[in-house]
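# What the coordinates show
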Amino acid sequence: MQSSLTQQTEHVLEWHQLLHAVAKEAASSMGAERCCVLPFAVTIDIARVQQQETYEMVQMLDSDSVLAPVNFPDIRPLLGRAAKGGLLEGLDLRDVSTALSMSQSTKRWLEGHDATCPTVSTRALKIEDLSRVQQTIDHCIDPQGQLRESASPALHQFAHKSQHLRQTIRRRLEQLVSSQQYEERLQGHYFAERENRYVIPVKAERQHEVDGIIHDISSSGATVFIEPRDLIELNNAIKFADLQVAQETRRILQDLSETVAESVTAIQATIQQLAELDCLIAKARLSKRIKGMPVHLNQHHRIHLIQAKHPLLVLTKDHVVANTISIDEEIHTLIISGPNAGGKTVTLKLVGLIAFMVKVGLLPPCDPDSEMVFFERVYADIGDTQDLHRDLSSFSGHILSLIDLLNHLHSERKTSSCSSLILLDEVGNSTDPIEGAALAEALLRRLSDLGCVSIVTTHYPSLKTLTYRNPRVRNASQEFDMARLAPTYRLIDGIPGGSSALDIASRLGLESDILHHARELIQQEDQDLDHVFQRLQHTYAQLEEERVQASARHQDAQRLFEEAQVIREQLMTQERDDRQRYRKQWQREFSKAQHQVNQLVESLKKEKRLSHVKEVRRSMATIDQHVKEQLPIAAVSSLSIPRSGDLVEIDELGTVGILQEDLAGKKQVSIRVGSQTFKVAPTAVRLASSSLSPVTSKPQHRHVSSRASLESPHSLISRGVYQQEHDLRGIRLEDALEKTLAALDQALMDQAKYVKIIHGQGSGALKDGIRKLCQSSPYTESFRAGDQAEGGDGVTIIELR
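Because the structure is predicted, anything quoted here is derived from the model rather than measured. Just so you know, the residues in each chain are numbered from 1, in the order the chain's sequence is written. Where totals are concerned, whole chains, interfaces and linings use all residues; where local detail is concerned, this predicted model gives features only for residues with pLDDT of at least 70, and gives and counts side-chain atom pairs only at 80 or more. The side-chain figures draw on all heavy atoms in the structure; neither hydrogens nor water molecules are used.

The next subject is the pattern of salt bridges. One speaks of a salt bridge when a side-chain nitrogen belonging to Lys or Arg is within 4 Å of a carboxyl oxygen belonging to Asp or Glu. Across all of its chains, the model carries 36 salt bridges by this definition. With a shortest N-O distance of 3.7 Å, Lys 107 and Glu 111 are connected by a salt bridge. Of this pair, Lys 107 and Glu 111 both sit in helix H6 (residues 90-112), four residues apart, which is roughly one turn of that helix. Among the ionic pairs, Arg 197 bridges to Glu 227, the shortest N-O distance being 2.8 Å. To qualify as a helix, a DSSP run of H or I must reach at least 4 residues; to qualify as a strand, a run of E must reach at least 2; elements of each kind are numbered from the N terminus.

Written out as structure tokens, the structure reads:
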């Protein structure tokens, strides 16, 4: 029963046509034979392994390291003869050697690609090392299947003896045919071989003049081939030498045949592995031709075939419409409706063929994100089952097929929980529409109760609306283009479709009067229902078009976003590069200005003339103006001379205060910090930047409270609080180093003496990186870890030059 149902299913799905297409891709006759009878995997795990093997081989076909075609002779009959003690000739042994050579090269290739083909490479373990047998054969048999003279010392001796004798008799014959004694008796100046003996062509009428043995006569009777008596002994010697060669040859071939017989089981297993590997390559080649991809296999009754195409159509047509077919775990029945010749049956066969393909390792032509159920059984009832010899009508044939199917499903359910896919074309047809529709609905309910997944096609309106009465049923339809009055072969999920029979008949040229009369005969509610189906399809087509347009816009927006991200990264990189370049430029300008100022100070110490003082002032003004032009505006204020009442920074203390008197002529000046007044040297005072204020809140780049800025410098330092303080905890090392460099730049422009960096303990990487930076920085005079009040080893105090 199972066999007949399976054979019927394979026949109606045209499964063997696909297998023959696979066989054409094989390189060997055994591989092609294997392709024609591909066995179905019995478990989902085996199916997954087979699919992975094919996918790995497809990838290898696209690479530079392609396995050579596994083309080897079918030596099974030769092995059978050897196993029975028969003699293998030279050509037979050559074929055995060719197969063994192919097995060894294939084994080496598999072992060398275990990283790129981990699943396929395991086949190398099943190929035995038969190199000893191959080498034994190759030592005696050459690539043309001839026995080598070097096969044995005796054969070498006998062969050379035969050749020497032949050379001797040829020289004798050449002398004989050119002598005057035989000039009138011979038919020509040549000699020949008859029955492996050398003879001369004598004229028939003069044969009695030559003493010897007659071996042959020409067809015309004019020439008699005679072995001269003087050459009989030499011919006998050649014959004996040839017999020795033949005897030694047979002995060697017999030994080689016995060597093959001793390993016949291993050789048979090896060529079987070669056939399977050739079959695997054929599956990969066909999968590549149809653009097949591996799919996710499941046992949860979830089908999601994305942009799937019928494999046989892909092989024969340039353009095939792709469709997405979906059935989730809650749905047991998919009802496909739509126009005649619209592709409903093709969709049935497509799902059935893919269900078969995933069980033999063929990659189906669909997107890689597709999913397919591993069905243990697939049954299909497609086409006309009319049988006149059995007096069966089409309806009777279908009913008998369904009875066989149900009986098998019932018996199968008693023994195991087997998942089955049922494909029914025009279920319940070829009879009264009302009774046929009712019978079809009852049948689909029974199949659902048995746990089967069913995909059926229909024109019955009651089945098209079954989804509203049964939550386990889903609709789909083949689209019909109302503008062209032609099917598009696109499957629309979720909505039923009209049959459009009258429209198709009109397109095919049926008389308009007949069509008009037919429309009058159709009940109004059936016409309305058909119009609803058509409007649903039209609305779906519009929504699908809008979805495609929206998807395209989304992709454009995503592309623009990614381009903007790239530009942003480029700008950030450019900004970092510019900052580093400007930092180096500012450092050069400061160093140059400092050197010039030092030279002017030294010259003032040496010459204290008024004219020289004026000249120095002019030079200082020039330097000041040049530096102002090179530096940002925020840094210019630090080069101006502070006056009484200005906010100033005290280099040594790293804090700010109010200058109480002008600097001119003073050795020390008074500065009020909070409620206290301090005396400091004028050289330690710098005009603070405009962003600083003794009573304003802390700037963004400093973590010092307004209260701290008004406290005395000694109390600030004693409590570990600095006017230049930066907290870098929790920041990546690269960013922290960048911020530290920026902090040193700012401190240098602000004329600060100390900078406090808070980095914490952590793993120590941030601390070590910052202190290594301090060692190499030209701004740093010294640095140290903080004391207990300042934060201990979790901070670094930097003293600037």
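Moving on, we come to the sheet that holds strand E10 (residues 377-381). On the basis of which strands lie adjacent, the open sheet formed by six strands has the order E10-E11-E12-E8-E13-E14 and mixed pairing. Of all strands in the sheet, those bounded by a partner on one side alone are E10 and strand E14 (486-493). On average, each strand axis in the sheet is inclined to that of its neighbour by 15 degrees, with strand direction left out of account. Two strands are counted as paired when DSSP detects at least two bridges linking them. As paired strands, E10 and strand E11 (residues 420-424) are joined by five bridges and run parallel to one another. Across the sheet, residue Arg 377 finds its bridge partner in E11, namely Ser 420. Here a residue-residue contact requires only that any non-hydrogen atoms of the pair lie within 4.5 Å. Orientation is described by lines fitted to C-alpha atoms, with helices fitted over the stretch in contact, and by angles between N-to-C directions that extend from 0 to 180 degrees. Taken strand by strand, helix H12 (residues 344-357) contacts strand E8 (333-337), E10, E11, strand E12 (453-457), strand E13 (473-481) and E14, and its axis lies near 160 degrees from that of E11.

A pair of packed helices can be characterised by two numbers: the angle between their axes and the separation between those axes. At their nearest, the axes of helix H5 (residues 76-83) and helix H10 (residues 264-289) sit 10 Å apart, and the two run at 170 degrees to each other. Taken together, the axis directions place H5 and H10 in an arrangement best described as roughly antiparallel. Contact with H5, carried on its side by Arg 76, Leu 79 and Ala 83, involves Val 264, Ile 267, Gln 268 and Ile 271 of H10 and no other residues of that element. Residues of the contact of H5 with H10, tallied by class, amount to five nonpolar, one polar and one charged. Reported orientations rely on four angle classes, namely roughly parallel under 35 degrees, roughly antiparallel over 145, roughly perpendicular from 65 to 115, and oblique for the rest. Gly counts as polar in this scheme, as do all residues outside two lists: the nonpolar Ala, Val, Leu, Ile, Met, Phe, Trp, Tyr, Cys and Pro, and the charged Asp, Glu, Lys and Arg.

Moving on: the packing of aromatic side chains. Pairing of aromatic side chains requires ring centres within 6.5 Å, counting the rings of Phe and Tyr and the six-membered ring of Trp. Pairs whose planes differ by under 30 degrees are stacked, by over 60 edge-to-face, and all others tilted. Taken as a whole, this structure holds four aromatic pairs when the rule is applied. Judged by centre distance (5.2 Å) and plane angle (55 degrees), the rings of Trp 15 and Phe 356 are tilted. On the criterion of sequence distance, the pair formed by Trp 15 in helix H2 (residues 15-23) and Phe 356 in helix H12 is long-range, its members being 341 residues apart. We call a residue buried when its accessible area falls under 20% of the maximum for its residue type, exposed when it is over 50%, and partly exposed in between, using a 1.4 Å probe and counting protein chains only. Given the relative accessible area of 3%, Phe 356 is considered buried. What links up through ring pairs into an aromatic cluster is the set Trp 15, Phe 40 and Phe 356.

For the rest of this paragraph, the subject is empty space enclosed by the protein. The rule is simple: put a 1 Å grid over the protein atoms alone, call a set of points where a 1.4 Å probe fits but cannot get out a cavity, call an open set with protein on both sides within 12 Å along at least five of seven lines a pocket, and count a residue as lining if it has an atom within 4 Å of a point. Grid points are joined across faces, edges and corners, and a volume is the space filled by probe spheres set on the points. Tallied over the full model, the rule gives six cavities of 30 Å³ or more. Looking at the second largest cavity, it is lined by 14 residues, and the ones nearest its centre are His 398, Leu 402, Glu 426, Val 427 and Gly 428. When contributions to the lining of the second largest cavity are tallied by element, the ones reaching two or more residues are helix H13 (394-415) and helix H14 (433-449). A total of four residues in the lining of the second largest cavity trace back to one element, the largest contributor, which is H13. A class-by-class count of the residues in the lining of the second largest cavity yields eight nonpolar, three polar and three charged.

Further remarks concern the sheet that holds strand E3 (residues 212-217). With respect to topology, four strands assemble into an open sheet ordered E1-E2-E4-E3, the strand pairing being antiparallel. Unpaired on one side and paired on the other, strand E1 (192-194) and E3 mark the two borders of the sheet. Adjacent strand axes in the sheet meet at a mean angle of 50 degrees, parallel and antiparallel pairs treated alike. Where strand E2 (residues 197-203) and strand E4 (residues 223-228) come together, four bridges link them in antiparallel fashion. Among the inter-strand pairings, Ile 200 is bridged to a residue of E4, identified as Ile 226. Of the strands in this sheet, E1, E2 and E4 touch helix H8 (residues 153-177), which is tilted by about 10 degrees from E2.

This part takes up the confidence of the model for the chain. Within a predicted model, pLDDT stands for the predictor's per-residue confidence, ranging from 0 to 100. Taken as a whole, the chain shows an average pLDDT of 82; of its residues, 83% reach a score of 70 or greater. Under a pLDDT of 50 for its full length, residues 386-391 has, in the predicted model, five contacts with residues more than four places off or in other chains. Below pLDDT 50 for its whole length, residues 633-638 participates in 12 contacts with residues either more than four positions away or in separate chains.

For E4, a buried count of six out of six residues is recorded, marking the element as mostly surrounded by other parts of the structure. Burial along E4 is two-sided: Thr 223, Phe 225 and Glu 227 and Val 224, Ile 226 and Pro 228, pointing in opposite directions, are all buried. For E3 and E4, the ladder comprises five bridges, and the chain directions are antiparallel. When the sheet's bridge partners are listed, Ile 214 is paired in E4 with Ile 226. Hairpin connection from E3 to E4: five residues lie between these consecutive antiparallel strands, with Gly 221 at a positive phi of about 85 degrees.

What follows concerns unusual backbone geometry. We note that Glu 195 has phi near 55 degrees; this positive angle belongs to a residue other than glycine. Tracing the backbone through its elements, the reader meets Glu 195 in the loop between E1 and E2. Exposure remark for Glu 195: the relative accessible area of 60% places this residue in the exposed category. Despite not being glycine, Glu 426 shows a phi value in the positive range, around 55 degrees.

Turning our eyes to something else, we now look at the environment of Ile 200. Residue placement: Ile 200 occurs in strand E2. Residue classification places Ile 200 among the buried residues on the basis of a relative accessible area of 0%. Sequence-wise, Ile 200 and Val 224 are 24 residues apart; in three dimensions their C-alpha atoms are separated by 8.2 Å. Every residue in contact with Ile 200, bar those within four places of it in the chain, is listed here: Leu 173, Leu 176, Val 177, Tyr 182, Leu 186, Phe 191, Val 210, Val 224, Phe 225, Ile 226 and Pro 228.

For Val 199, the location among the structural elements is in strand E2. Linking Val 199 and His 215, residues 16 residues apart in sequence, is a C-alpha distance of 7.8 Å. The residues contacting Val 199, other than those within four sequence positions of it, are Phe 191, Ala 192, Glu 193, Arg 194, His 215, Phe 225, Ile 226 and Glu 227.

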